[in-house]
Amino acid sequence: MKISPLASYYTSMIIYMVAAVPLILYGLVIKPIANLYNEPVSGMVSPVFGNYANYLNGLFVISAVLVTLSLAFFILSWYWAARMGKSFSVGTKTLPVILFAFAYILLGVSGLA
């Protein structure tokens, strides 16, 4: 079965769009708000999500796994394109690299706080 590099690239970007939801929730909304409280997050209980620390850890894991899966598809698309003697444009290569850097930096910075 032959998979085109473009299909793999689009799959990568679709996975990244799905990953952006828990990534933004974790890194820019929920984790910073949790850090504003004066009590430890592990002791907080939400009526909707249950233990707040478990919810935050789940968002982190889901975000990291989906972004890594998206990165794997992106690398495969780049590899398959090179193997077939084709090439992506500079913008098609550069934008995902910036997006992946943003995602991993955001996860790292949010995880440290």
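Above: the structure in question.
Summarised in this report is the structure supplied together with it. Treat the numbers as computed from the prediction; the structure is a model and nothing was measured.

### Some words on the packing of helix α1 (residues 5-36) against helix α3 (residues 90-112)
Contact geometry for α1 and α3: axes closest at 10 Å, N-to-C directions at 30°. Regarding the angle of α1 to α3, the classification is roughly parallel. In the packing of α1 onto α3, the handedness of the crossing is left-handed. Here α1 contributes Tyr9, Ser12, Met13, Tyr16, Leu23, Tyr26, Gly27, Leu28 and Lys31 to the contact with α3, which in turn contributes Thr92, Pro96, Leu99, Phe100, Phe102, Ala103, Leu106, Leu107, Ser110 and Gly111. Its residues assigned to classes, the contact of α1 with α3 shows 13 nonpolar, five polar and one charged.

### With respect to the side chain of Ser77
With respect to the helices, strands and loops of the structure, Ser77 is situated in helix α2 (residues 52-83). Setting aside anything within four residues of it in sequence, one finds Ser77 in contact with Pro5, Ser8, Tyr9 and Phe88.

What counts, and at which threshold
- Residues numbered from 1 in each chain as written.
- Predicted model: local features only at pLDDT ≥ 70, side-chain atom pairs only at ≥ 80, totals over all residues.
- Heavy atoms only, no water.
- Axes fitted to C-alpha atoms, helices over the stretch in contact; angles between N-to-C directions.
- Helix = DSSP H or I, 4+ residues; strand = E, 2+ residues; numbered from the N terminus.
- Parallel < 35°, antiparallel > 145°, perpendicular 65-115°, else oblique.
- Left-handed = near helix turned anticlockwise from the far one by under 90°.
- Contact = heavy atoms within 4.5 Å.
- Nonpolar A, V, L, I, M, F, W, Y, C, P; charged D, E, K, R; others polar.

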